[in-house]
Amino acid sequence: MLNRFSAVVVAVLAWHAGAFAAPSPQHETPQDQAPQNQASQNQPLQNQPLQNQTLQNIYGRTHQNLDGRWHYIVDPYETGYYDYRRKPYDESEKGSGGYYDDRQPKDKGDIVEYSFDGSPTLAIPGDWNSQDARLEFYEGTVWMRQKFDAAPKDGKRYFLYFGAVNYEAHVYLNGKKLGSHKGGFTPFQFDVTGKLAAGSNTVVVKADNKRHQDEIPTVSTDWWNYGGITRDVLLAEVPATYIADYKVQLAKGDARRIEGYVQLDGARKEQEVTVTIPEANLSAKVRTDANGRATIRIPVKALRYWSPEDPKLYGMTIAAGGDKVSDRIGFRTIETRGRDILLNGKSTFWRGVSLHDESPLIPGRLRGSGDMRMLLQWAKDMNCNYVRLAHYPHSEEMIRLADEMGLMVWAEVPVYWTISWQNPATLQNAQQQLTELVVRDKNRASVVVWSIGNETPVSEPRNAFMFKLADTVRALDDTRLVGAALEVHRKGNEVTVEDPLADKLDLASFNEYAGWYWASNKDMLDFHFNIPYDKPVMITEFGADALGGFHGDADTRWSEEYQDQLYKNQFRMLEAIPGLRGMTPWVLVDFRSPRRPHPYFQDFWNRKGLISQTGKRKQAFHTLKAYYDKKQQQYQQNKQNQQNQQN
Ligand code: GCB
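The residue numbering used here restarts from 1 in each chain and proceeds along that chain's sequence as written. The predicted nature of this model means local features are confined to residues of pLDDT at least 70 and side-chain atom pairs, given and counted, to a pLDDT of 80 or more, with totals for whole chains, interfaces and linings taken over all residues. The side-chain values count all of the structure's non-hydrogen atoms but skip hydrogen atoms and water molecules.

Concerning the overall build of the chain
Step number 1: Helix numbering and strand numbering both begin at the N terminus, where a helix is a DSSP run of H or I of at least 4 residues and a strand a DSSP run of E of at least 2. Each helix and strand in the chain was counted, giving seven helices and 35 strands.
Step number 2: In summary, the chain has a C-alpha radius of gyration of 25 Å against a globular reference of 26 Å for 647 residues, a match within 12%.
Step number 3: Seen through its principal axes, the chain has C-alpha atoms that stretch 75 × 60 × 45 Å.
Step number 4: Burial status across the chain gives 62% buried among its 647 residues.
Step number 5: Pairs of residues are marked as contacts when any of their non-hydrogen atoms sit within 4.5 Å. Counting contacts in the chain only where the partners sit at least 6 residues apart, residues at least 24 apart contribute 72% of the total.
Step number 6: Each accessible area is a Shrake-Rupley result for a 1.4 Å probe, and residues are judged covered by the shown protein chains and nothing else. With an accessible surface of roughly 24,400 Å², the chain has 47% of that area assigned to carbon and sulfur atoms. Atoms counted for the radius of gyration: C-alpha only. Globule rule: 2.2 Å times residue count to the power 0.38. A simple rule labels every residue: compare its accessible area, found with a 1.4 Å probe on the protein chains alone, to the largest value its type can have, and call it buried under 20%, exposed over 50%, or partly exposed in between.

Right under this line is the structure:
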């Protein structure tokens, strides 16, 4: 177990550093089923090209969408996976026997104790908890089946891609296992070249969302453990030699140079590659090396830089041999200088809000771009220029919308609370999820921070674990800031951050619940912050629960007035911090949580939303907007003053 995971992460990092082009699989592929494709035949399993990587920009490729209604079978005892001696059917000599066989009785005397055809269906993408009342609190295995037609062509490669399955997925195509994947929020794919039937095909997924101490996240979180296939399922078709990955962004802190790479996979690795950005009049021709890799460097004279005020995206095309892929890319620099955050060289204040990947209106995980646009628009209505996508990777589409709508993004992995710090496999898992996130979103200008975790309590083992995550993410991408939502420490009335991890981060970023979990509206202003870092201070969370429509005075917990007053008090407290450069109050919308059982005020909802369960704005929504309007004016004025001084 351990060795497998270690090898994976080392391979991924090395691949990103351009060391070699053939890392080991990120997910498990059964030993006896090496993919039948040109490039990988006769190679040992650990050298399967790109099994660890999802295709860059899958939505920009020829693909078939396998979403829709999938038949499902609830399997709390995992009868469809283990035989009665608790041995997995898919590890038996025959390899068959599980529900993935999708059997029909051969004749009237045959015994088959399940039937996908006779079972109900779920909308995919979509969690199961919100689609079947019996499954609201369910944590365990559900099998899902979809049939689709394919017409595989010679000389093409095919990938079966999952945007996210929570948490552990085992995937079978036409009765044969493709492999498995852990981690509920990041994409994975299987090379199915040579495995697709011409005509009807069947894909079966066993998804299991049971929580375990050693996993990422661990057993305790404050969000609903939505299970299932929560993002798109796609079948991509690419040429035999294809553009597997690319990065096209401005070089670290350099607005005058685009820097990145192109990675090809397939038999003909050495090719001429053309990168063009027609609207900016930029292009480059490079040649990939024997590993299929080429570095891109394009000097830039004039560009409209991406920013929330002007979220300019440029059309970009990469062509290599018979493959071609187009994307829309924004260019911006992001860096810190002392306590300032510089976006395109200018000091900014991040007017943010935190949000979960959950819709209050259609229960469950966000299912499509309409839901996503709605949430991001709500943030913009509050005059936000920034969102914290808590506490795990949100979908690729969400990040693309943020690019388009002009919202900077804090992107996070679910390293949350009490992780098994001393378990090396847990660390490998966290590194893997972080890698999958960076691999997917590295071309999105909106992403300005990679966050490596939330409220992880200081201890030696935790520090060692988190330091490694910080190193991992910096090795993957040096062009963005690295953050984590740290905890505060109180000494009398002084609130501080004492965390060696802060030294590894670009931001002094922390959660603080003044006025809610400690102190109240009456006495919170007696506290003051002393943040001992010469870094931008980012308040990653503060907030108070308020039941939408419940009114009282500013001292009455759960009332809109209490929440509103707490926000006003917070602004007074926080404004006194010299390095304050932004915040993401907790949270945009009420969200479901099994930790919140109060029958009247909560009913299994965390009520810290600025918008209620029914989509109604609470008082504090308007208060935060007014504060952000003021901050925006203040920073615009500063910019103006600076310009006047320069002229
Ligand atoms: C936190 C957590 C967040 C919770 C929030 C709360 O500190 O980071 O996930 O939901 O507090 O409401 O308690």
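A look at the packing of aromatic side chains
Step number 1: Only rings of Phe, Tyr and Trp enter the pairing, Trp through its six-membered ring, and a pair is recorded when the two centres are within 6.5 Å. The plane angle decides the type: under 30 degrees is stacked, over 60 is edge-to-face, the rest tilted. Applying the stated rule across the entire model yields 36 aromatic pairs.
Step number 2: Ring centres of tryptophan 518 and phenylalanine 527 lie 5.0 Å apart, and the angle between their planes is 70 degrees; on these two criteria the pair is classed as edge-to-face.
Step number 3: Given a relative accessible area of 10%, tryptophan 518 falls into the buried group.
Step number 4: Every member of this aromatic cluster is reached through a ring pair, and the members are Tyr99, Tyr100, Tyr114, Phe116, Trp143 and Tyr172.
Step number 5: Here, over-ring charges are defined by two tests on the NZ atom of lysine or the CZ atom of arginine: distance to the ring centre within 6 Å, and angle to the ring normal within 35 degrees. Above the face of the tyrosine 261 ring, arginine 293 is positioned so that its terminal group lies 4.0 Å from the ring centre.

Looking at the site of the ligand
Step number 1: Taken together, 14 residues surround the ligand, and among them Asp222, His391, Glu455, Tyr517 and Lys608 come closest.
Step number 2: Here tyrosine 513 contributes a side-chain N or O atom positioned 3.3 Å from an oxygen atom of the ligand.
Step number 3: Pairing of N or O atoms within 3.5 Å defines a polar contact, subject to two protein rules: one partner must be a possible hydrogen donor and the other a possible acceptor, and residues neighboring in sequence count only if both atoms are side-chain atoms. Between the ligand and the protein, one listed contact pairs an oxygen atom with a side-chain N or O atom of tyrosine 517 at 2.5 Å.
Step number 4: Taking 320 Å² as the accessible area of the ligand by itself, protein coverage stands at 96%.
Step number 5: Broken down by class, the residue content of the shell around the ligand amounts to five nonpolar, four polar and five charged. Any residue with a heavy atom lying within 4 Å of a molecule or strand is counted as near it. In this count, Pro and Cys sit with the nonpolar residues alongside Ala, Val, Leu, Ile, Met, Phe, Trp and Tyr, while Asp, Glu, Lys and Arg are called charged and the others, Gly among them, polar.

Some remarks on empty space enclosed by the protein
Step number 1: Here a cavity is any set of points on a 1 Å grid over the protein atoms alone where a 1.4 Å probe fits but cannot get out, and a pocket is any open set with protein on both sides within 12 Å along at least 5 of 7 lines; a residue lines the site when it has an atom within 4 Å of a point. Grid points are joined across faces, edges and corners, and a volume is the space filled by probe spheres set on the points. This model, assessed by the stated rule, comprises six cavities of 30 Å³ or more.
Step number 2: Size it by volume and the largest cavity reaches roughly 150 Å³.
Step number 3: Taken together, 13 residues line the largest cavity, and the ones lying closest to its centre are Tyr167, Arg211, Pro217, Thr218 and Asn225.
Step number 4: Of the residues belonging to the lining of the largest cavity, the class tally is four nonpolar, six polar and three charged.

Side note on the nonpolar core
Generally speaking, a soluble globular protein has its nonpolar side chains buried in company with each other.
Step number 1: If you look at the biggest cluster of nonpolar residues, it comprises 91 residues, and the most contacted ones within it are Val415, Ile452, Phe465 and Met583.
Step number 2: One finds Tyr72, Phe148, Tyr158 and Val205 within the second-largest nonpolar core, a separate group that totals 30 residues. Only buried residues count toward a nonpolar core. Its members are Ala, Val, Leu, Ile, Met, Phe, Trp, Tyr and Cys residues joined through side-chain atoms within 4.5 Å.

Focus on the pairing of strand E19 (residues 323-329)
Step number 1: Side chains Asp323, Val325, Asp327 and Ile329 project from E19 onto a buried face, and the interleaved Lys324, Ser326 and Arg328 project onto a face without burial.
Step number 2: Connecting the antiparallel pair strand E18 (residues 314-320) and E19 is a turn made up of two residues, with glycine 321 showing a positive phi of about 55 degrees. DSSP bridges decide pairing: two strands pair if at least two such bridges lie between them.

Some details on the sheet that holds strand E21 (residues 340-343)
Step number 1: Strands sit in the order E20-E21-E22 across an open sheet of three strands; the sheet is antiparallel. On the outer flanks of this sheet lie strand E20 (334-337) and strand E22 (346-347), each paired with one strand and no other.
Step number 2: With four bridges joining them, E20 and E21 adopt antiparallel strand pairing. In the sheet register, arginine 337 faces E21, and the bridge partner there is aspartate 340.

Some points on the sheet that holds strand E1 (residues 62-65)
Step number 1: The strand order across the open sheet formed by four strands is E1-E12-E5-E9, and the pairing between neighbours is antiparallel. Both outer strands of the open sheet, E1 and strand E9 (188-191), are each paired with one neighbouring strand and no more. This sheet shows a mean twist of 25 degrees between the axes of neighbouring strands, independent of strand direction.
Step number 2: Two strands pair when backbone bridges link them, and strand E5 (residues 156-162) and strand E12 (residues 233-239) are joined in this way by seven bridges, in the antiparallel orientation. Residue pairing for E12: arginine 157 is matched across the bridge by valine 238. For helices, the fitted line uses only the C-alpha atoms of the stretch in contact; every axis is such a line through C-alpha atoms, and the angle between N-to-C directions lies from 0 to 180 degrees.

Some details on the side chain of glutamate 436
Step number 1: On the secondary structure map, glutamate 436 appears in helix H4 (residues 424-441).
Step number 2: Under this rule, positive means Lys or Arg and negative means Asp or Glu; His and the chain ends count for nothing. A pairing counts as a salt bridge when a side-chain nitrogen of Lys or Arg comes within 4 Å of a carboxyl oxygen of Asp or Glu. Although glutamate 436 lies buried, it forms no salt bridge, and the closest oppositely charged side chain, arginine 440, sits 9.0 Å away as judged by the N-O distance.
Step number 3: Here the side chain of glutamate 436 touches threonine 186 through a polar contact of 2.5 Å, side chain to side chain.

Description of the confidence of the model for the chain
Step number 1: Chain-level statistics for the chain give a pLDDT mean of 92 and a share of 92% at 70 or above.
Step number 2: Along the chain, pLDDT gives the predictor's confidence residue by residue, from 0 to 100. Looking across the chain, the model is least confident in helix H1 (residues 2-16), with a mean pLDDT of 39, and most confident in strand E25 (residues 408-412), with 99.
Step number 3: Contacts for the low-pLDDT stretch residues 1-51, under 50 throughout, to residues beyond four places or in other chains number 114 contacts.

Focus on helix H2 (residues 369-381)
Step number 1: Working rule for helices: expected span equals 1.5 Å times residues minus one. Relative to the 18 Å expected for 13 residues at 1.5 Å per residue, H2 spans 18 Å between its end C-alpha atoms, a close match to the ideal helical length.
Step number 2: All buried positions along H2 are accounted for by Asp371, Met372, Leu375, Leu376, Trp378 and Ala379. The buried residues of H2 occupy an angular sector of 150 degrees when the element is viewed end-on, so they sit on one face.
Step number 3: Buried residues along H2 sit against strand E23 (350-355), strand E24 (386-389), helix H3 (396-405) and helix H7 (619-646).
Step number 4: Within two residues after H2, asparagine 383 carries a phi angle of roughly 65 degrees, on the positive side. In this description, one arc is meant: the one made by directions from the helix axis to the C-beta atoms.

A closer look at the pairing of strand E2 (residues 68-74)
Step number 1: The sheet contact formed by E2 and strand E3 (residues 121-124) spans four bridges and is antiparallel. Bridge pairing links arginine 69 to alanine 123 in E3.
Step number 2: Summarising the sheet, E2 and strand E4 (residues 141-150) pair through four bridges and their orientation is antiparallel. Note on E4: the bridge partner recorded for tyrosine 72 is methionine 144.

Concerning the environment of phenylalanine 188
Step number 1: Inspection of the secondary structure puts phenylalanine 188 in strand E9.
Step number 2: On a C-alpha basis, the gap between phenylalanine 188 and asparagine 129 in space is 22 Å, while along the polypeptide they are 59 residues apart.

Some details on the packing of H4 against helix H5 (residues 460-476)
Step number 1: Their axes nearest at 10 Å, the elements H4 and H5 cross at an angle of 30 degrees. When the axis of H4 is compared with that of H5, the two are roughly parallel. You can see that H4 and H5 cross each other, and the crossing is right-handed. In this structure, H4 contributes Thr426, Leu427, Ala430, Gln431, Leu434, Thr435 and Val438 to the contact, and H5 contributes Phe465, Lys468, Leu469, Thr472, Val473 and Leu476.
Step number 2: Counted by class, the contact of H4 with H5 contains eight nonpolar, four polar and one charged residues. Any angle that falls under 35 degrees is termed roughly parallel, while one over 145 is termed roughly antiparallel, one within 65 to 115 roughly perpendicular, and all others oblique. In this scheme the crossing of two helices becomes right-handed for a clockwise turn of the near helix relative to the far one and left-handed for an anticlockwise turn of less than a right angle.

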